[in-house]
Amino acid sequence: MTVPAKPTLLTGASGALGRVLAKALAAQGWALRLTDRVPFPDKVPEGARFTLAELEDGPAILRLAEGCGTILHFGGISVEHPFETVIGPNIRGLYHAYEAARRERMRMVFASSNHTIGFHERNEVLDDDCQMRSDGYYGISKAYGELMGWLYWDKYGVESVFLRIGSCTPEPTDDRMLSTWLSHGDLTRLVERSTLAESTGRAGCLVIWGVSKNARMTWWRKDGRETIGWAPQDSADPYIAKLDGKASGNPVAERYQGGSFCALDYSRKAPT
Ligand code: 15L
């Protein structure tokens, strides 16, 4: 089993995806430094060390990163919130994560999101270089994260993999997720490949659409998966019979790829 040569720092370790990754990667023998602003809710896995820290505490993040080879940046606000709530963890905290990557010459694996492009309509097909059309302050903080990654590559040579995650839950629960679902297994393998791949290619930064092999995923196409050698193995298709047509009933949510995030606070004349 291949393990990274240096320890891996995982922010947001106590969150839903952080817990999945901490458990799965530790089980494969990875040396993990886990951190979050709230205590780790499970037993800390063998080979891992947990430290309570705020992303906004720059010196703490720098200390945690010492000697690490990769940062898996899953910390921060993970759903839509007012701007003033998002800005601390997702903008200032992101800066500290990138500064740590620069100082330690770590690779950044950034938990970006489909909400960077949420206001593209569902009949559009997007490649990795499509225009950002964020669907809220959360989505725009993820878009900012990707832009920060490009800056840190262009100026400092820090490599990044931006995981534009769809809906990563134990199983799909509605019609939209028949398109956007990413299984926990596919997420784990995506993070492994993002960390272990020899390089992120000549461009330095890669965008990868974080979705499983869903027949209904017709929205997202070209990305950097071949460079890191990842392909999804799981699929939402077995849930089609159960979830087909299980929609929100909101015309704004159903029109756009970002779903309900687009409908929050929507005050433009509703599309017909
Ligand atoms: C995300 O980025 C969120 O973190 C998650 O809670 C889901 O809403 C997901 O996107 C999604 O779009 O389903």
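Below, the structure is looked at part by part.

### What to know about unusual backbone geometry
Leave glycine aside and you will find that most residues have negative phi; peptide bonds, for their part, are mostly trans. The phi dihedral of arginine 105 is positive, around 55 degrees, even though this residue is not glycine. Within the element layout of this structure, arginine 105 appears in the loop between helix H3 (83-104) and strand E5 (107-113). For aspartate 265, which is not glycine, the phi torsion reads 65 degrees and is therefore positive. Judged by its relative accessible area of 79%, aspartate 265 falls in the exposed class.

### Some thoughts on the site of the ligand
Residues in contact with the ligand, as listed here, are Ser78, Val79, Ser113, Asn114, His115, Tyr138, Gly166, Ser167, Arg176 and Phe261. Taking asparagine 114, its side chain carries an N or O atom lying 3.0 Å from an oxygen atom of the ligand. Between tyrosine 138 and the ligand, the recorded distance is 2.7 Å, taken from a side-chain N or O atom to an oxygen atom. In the complex, the protein chains occlude 73% of the 320 Å² of accessible area that the ligand would expose alone. Taken together, the residues of the shell around the ligand sort by class into 3 nonpolar, 6 polar and 1 charged.

### Brief notes about the pairing of strand E1 (residues 8-11)
Of the two faces of E1, both are covered, the one formed by Thr8 and Leu10 as well as the one formed by Leu9 and Thr11. Direction of pairing for E1 relative to strand E2 (residues 32-36): parallel, over a ladder of 4 bridges. What sits directly across from leucine 9, in E2, is arginine 33. This β-α-β element, E1 to helix H1 (residues 16-27) to E2, shows right-handed connectivity. Where E1 lies against strand E4 (residues 70-73), 4 bridges are found, and the strand directions are parallel. Looking at the pairing, threonine 8 lines up with threonine 70 of E4.

### Considerations on H1
Over its 12 residues, H1 extends 17 Å from the first C-alpha to the last, a length consistent with the 16 Å expected when each residue adds 1.5 Å. Among the residues making up H1, those that are buried are Leu17, Gly18, Val20, Leu21, Ala22, Leu25 and Ala26. Those residues of H1 hidden inside the fold are in contact with E1, E2, E4, strand E6 (160-165), strand E7 (167-168) and helix H6 (184-196). Looking one or two places after H1, you find glycine 29, whose phi comes out positive at around 90 degrees.

Cut-offs used in this document
- Residues numbered from 1 in each chain as written.
- Predicted model: local features only at pLDDT ≥ 70, side-chain atom pairs only at ≥ 80, totals over all residues.
- Heavy atoms only, no water.
- Helix = DSSP H or I, 4+ residues; strand = E, 2+ residues; numbered from the N terminus.
- Buried < 20%, exposed > 50% of the residue type's maximum accessible area, 1.4 Å probe, protein only.
- Near = heavy atom within 4 Å.
- Polar contact = N/O pair within 3.5 Å; in protein donor to acceptor, adjacent residues only side chain to side chain.
- Areas by Shrake-Rupley, 256 points an atom, 1.4 Å probe, with all protein chains shown as cover.
- Nonpolar A, V, L, I, M, F, W, Y, C, P; charged D, E, K, R; others polar.
- Pairing = 2+ DSSP bridges.
- Right-handed = clockwise from strand over helix to strand, strands pointing away.
- Expected span 1.5 Å × (residues − 1).
- Contact = heavy atoms within 4.5 Å.

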